[in-house]
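# Structure at a glance
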Amino acid sequence: MEDFRAGVEAFEAGKLNVAKQHFQSAVDAGLESSSLFYNLGVVCYQLGDYAAAEAAFRTLLDGSNGALARYNLGLVALAREKPLDARHWFEQASAGSAPAKIRTLALIQLDKLDSGVPASASDSPVRGYLGISGGYDSNIAGLPEDTVSSEVGGFLEALAAGTYERPVDSRSRITLDVAVYSREHPSHEEYDTQVIQGRLGWSESRVGGERGAFVSLVKSWFDNESLETRYGIEGFYRWRTCLPGFAPDQCGISLAAATVNGGSGFEAYDGQWYRARVHARKYLGGWRFDGEYSLEINDRRDLQTADEFVSVSPTHHTLEFAGRYRWHPDLVLGTTGTVRHSRYQDAHQVVSTSGESGRREDNRLEVGLLVEKNLDSRWLVRGEWLVRDNRSSLSQYDYQRQTLMLTLEGAF
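Residues numbered from 1 in each chain as written. Predicted model: local features only at pLDDT ≥ 70, side-chain atom pairs only at ≥ 80, totals over all residues. Heavy atoms only, no water.

Along the chain, Phe266 turns up in the loop between β7 (250-262) and β8 (271-284). A relative accessible area of 18% places Phe266 in the buried class. For the pair Phe266 and Glu225, spaced 41 residues apart in sequence, the C-alpha to C-alpha distance is 9.2 Å. If we skip the residues at most four places from it in the chain, Phe266 touches Phe222, Glu225, Ser226 and Leu227. (Helix = DSSP H or I, 4+ residues; strand = E, 2+ residues; numbered from the N terminus. Buried < 20%, exposed > 50% of the residue type's maximum accessible area, 1.4 Å probe, protein only. Contact = heavy atoms within 4.5 Å.)

This part covers a negative patch on the surface. On the surface, Glu151, Glu189, Glu190, Asp223 and Glu225 cluster together into a patch of negative charge. Mapping Glu189 onto the fold places it in the loop between β3 (172-184) and β4 (193-205). Since its relative accessible area comes to 54%, Glu189 is described here as exposed. (Patch = residues over 30% accessible without salt bridge, like charges linked within 9 Å, V, L, I, M, F, W, Y side chains within 5 Å. Areas by Shrake-Rupley, 256 points an atom, 1.4 Å probe, with all protein chains shown as cover. Salt bridge = Lys/Arg side-chain N within 4 Å of Asp/Glu carboxyl O. Lys, Arg positive; Asp, Glu negative; His and termini not counted. Charge placed at Lys NZ, Arg CZ, Asp CG, Glu CD.)

Glancing now at the packing of aromatic side chains. Enumeration according to the criterion identifies eight aromatic pairs in this entry. Each ring, one from Tyr191 and one from Phe222, has its centre 6.3 Å from the other, and the planes form 55 degrees; the classification is tilted. Here Tyr191, found in the loop between β3 and β4, pairs with Phe222, found in strand β5 (residues 209-222); they are 31 residues apart in sequence, far enough to count as distant. In this structure Tyr191 comes out as buried when scored by relative accessible area, which is 19%. Centroid distance Trp379 to Phe412: 5.3 Å. Interplanar angle 75 degrees. Geometry classified as edge-to-face. You can see Trp379 sitting in strand β15 (residues 379-392) and its partner Phe412 sitting in the segment after β16 (399-411), a full 33 residues away along the chain. Note that Arg183 overlies the ring of Phe155, its terminal NZ or CZ placed 3.7 Å from the centroid. Just above the ring of Phe214 sits the side chain of Arg199; from NZ or CZ to the centre is 4.0 Å. (Phe/Tyr/Trp six-rings, centres within 6.5 Å; stacked < 30°, edge-to-face > 60°. Lys NZ or Arg CZ within 6 Å of the ring centre and 35° of its normal.)

Another point: the environment of Phe222. Assessed through its relative accessible area of 16%, Phe222 is described here as buried. Through-space distance from the C-alpha of Phe222 to that of Glu189 is 9.7 Å; in sequence the pair is 33 residues apart.

A few words now on the pairing of strand β2 (residues 153-167). Both strand β1 (residues 126-137) and β2 contribute to a ladder of 12 bridges, which runs antiparallel. Looking across to β2, one finds that Ser133 is bridged to Glu157. Strand direction decides the pairing type here: β2 and β3, joined by 12 bridges, are antiparallel. From the neighbouring strand, Ala160 faces β3, where its bridge partner is Val180. (Pairing = 2+ DSSP bridges.)

Take helix α5 (residues 66-79) next. Here α5 is 14 residues long and its end C-alpha atoms lie 20 Å apart, about the 20 Å a rise of 1.5 Å per residue gives. Turning to α5, its buried residues are Gly66, Ala67, Ala69, Tyr71, Asn72, Leu73, Gly74, Leu75, Val76, Ala77, Leu78 and Ala79. Where α5 ends, the next residue or the one after it, Glu81, has phi of about 60 degrees, a positive value. (Expected span 1.5 Å × (residues − 1).)

A cluster of nonpolar residues, Val126, Tyr164, Val168, Ile174, Leu176, Val178, Val180, Ile196, Leu200, Trp202, Val215 and Ile233, forms a patch on the protein surface that exposes about 990 Å² of accessible area. Among the secondary structure elements, those contributing two or more residues to the nonpolar patch are β3 and β4. If you tally residues by element for the nonpolar patch, the top one is β3, at four residues. Relative to the elements of secondary structure, Val178 occurs in strand β3. With relative accessibility at 42%, the residue Val178 sits in the partly exposed group.

Okay, helix α3 (residues 34-47) next. Taking 1.5 Å as the rise per residue, α3 with 14 residues should run 20 Å; its terminal C-alpha atoms sit 20 Å apart, in good agreement. Of the surrounding secondary structure, the elements contacted by the buried residues of α3 are α1 (2-12), α2 (16-28) and α4 (50-58). A side-chain oxygen of the first residue of α3 lies 3.3 Å from the backbone nitrogen of Ser35; this N-cap is Ser33. Where α3 terminates, the next one or two residues include Gly48, which has phi positive at roughly 85 degrees. (Polar contact = N/O pair within 3.5 Å; in protein donor to acceptor, adjacent residues only side chain to side chain.)

Further remarks concern the environment of Gly134. Among the structural elements, Gly134 can be located in strand β1. With 23 residues separating them in the primary sequence, Gly134 and Glu157 have C-alpha atoms 6.1 Å apart. When residues no more than four places from it in sequence are discounted, the contact partners of Gly134 are Phe155, Leu156, Leu404, Met405 and Leu406.

This part is about the pattern of salt bridges. All chains considered together, the criterion is met by 26 salt bridges. Measuring nitrogen to oxygen at the nearest pair gives 3.1 Å for the salt bridge that ties Glu210 to Arg238. Highlighted residues: Glu210 in strand β5 and Arg238 in strand β6 (residues 225-239), separated in sequence by 28 residues. Among the salt bridges present, the one from Glu409 reaches Arg382, with a minimum N-O distance of 2.9 Å. Within this pair, whereas Glu409 is found in strand β16, its partner Arg382 is found in strand β15, the two being separated by 27 residues in sequence. For Glu409, a relative accessible area of 7% translates into the label buried. Through salt bridges that share partners, Asp137, Glu157, Arg183 and Arg401 make up one connected network.

So this is what it looks like as structure tokens:
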């Protein structure tokens, strides 16, 4: 017991090698305690001695801490870059008989494996993502999405992203993200859209969650013409187990602001952009539910000519909901729903042949269905059907839209 206590003190002081030596001495002396083997496993895991960590956690499989052992064996498998083994352990740890907290953590890791997001830090500081899609759009729209075209056609879409992460210390890290997005309409090239985004951020892991901030640069094109350049900053905090007294398993909040420069011919979009967002996640059985509210405020130059004035400065209130059900270990069914209310700063003034004048207010409803199939630990295929209905106080902005899309997605 003296070695065990000394190991705990060394661990709390951050002296991992000393802690390991004390814990191992306690084992060699014949002490058999679930706390001892658990702490030995944690120390070995943090030191990168994954074989010893696995051996320690395996001693706990048949006892009252079996679910905790299986969860940690999943983390060890991830660190050893064995995602299939990790899935095996997390699926066992998420069984209905497991303690609620461990079950929730295991489901989170399974969800990260399914979505292609690394569930644990690996030796590689570089991660990548690639998504390639094709589909049908009943009412093609580009950027900005103020109106739609009433044109029908197919589209091709691609998104490539990469992340480089460099640790600062044991808790914090610097991250560089780059993403490139393109949407092409073969029969209507005038609606083609491209976006490039770069972000440089700092984040810190804490006992109850994670906090961080980043600066960003976003450049977009519409019909091969420069649309916008955004210079932004954002801060966030995520709670791993949500706020005390709240039902969701995870919560998060973020605040963002950006200065926007419109391209040639799009000077009306010059101005500022602000957003506040809160997010919550809940696991119930095989279900994962996500809810989000966001407030977005635009203060732009607006479009003004000798005869017309059109506001492009909306305030959006958006409520989003998504539910995903794990029908099978490699098959997920899901549904999404979004309600958005928009109010524009100033009244539109247009000639009668162009539509109605007055203050624009929109209510938009969007619902969707999706099916995801994992091909292996890195690749999945997703099918989506989205239906959108926009009702506006100005009739020229009323529209309906349906989109069908098939995506091949991979994470590296």
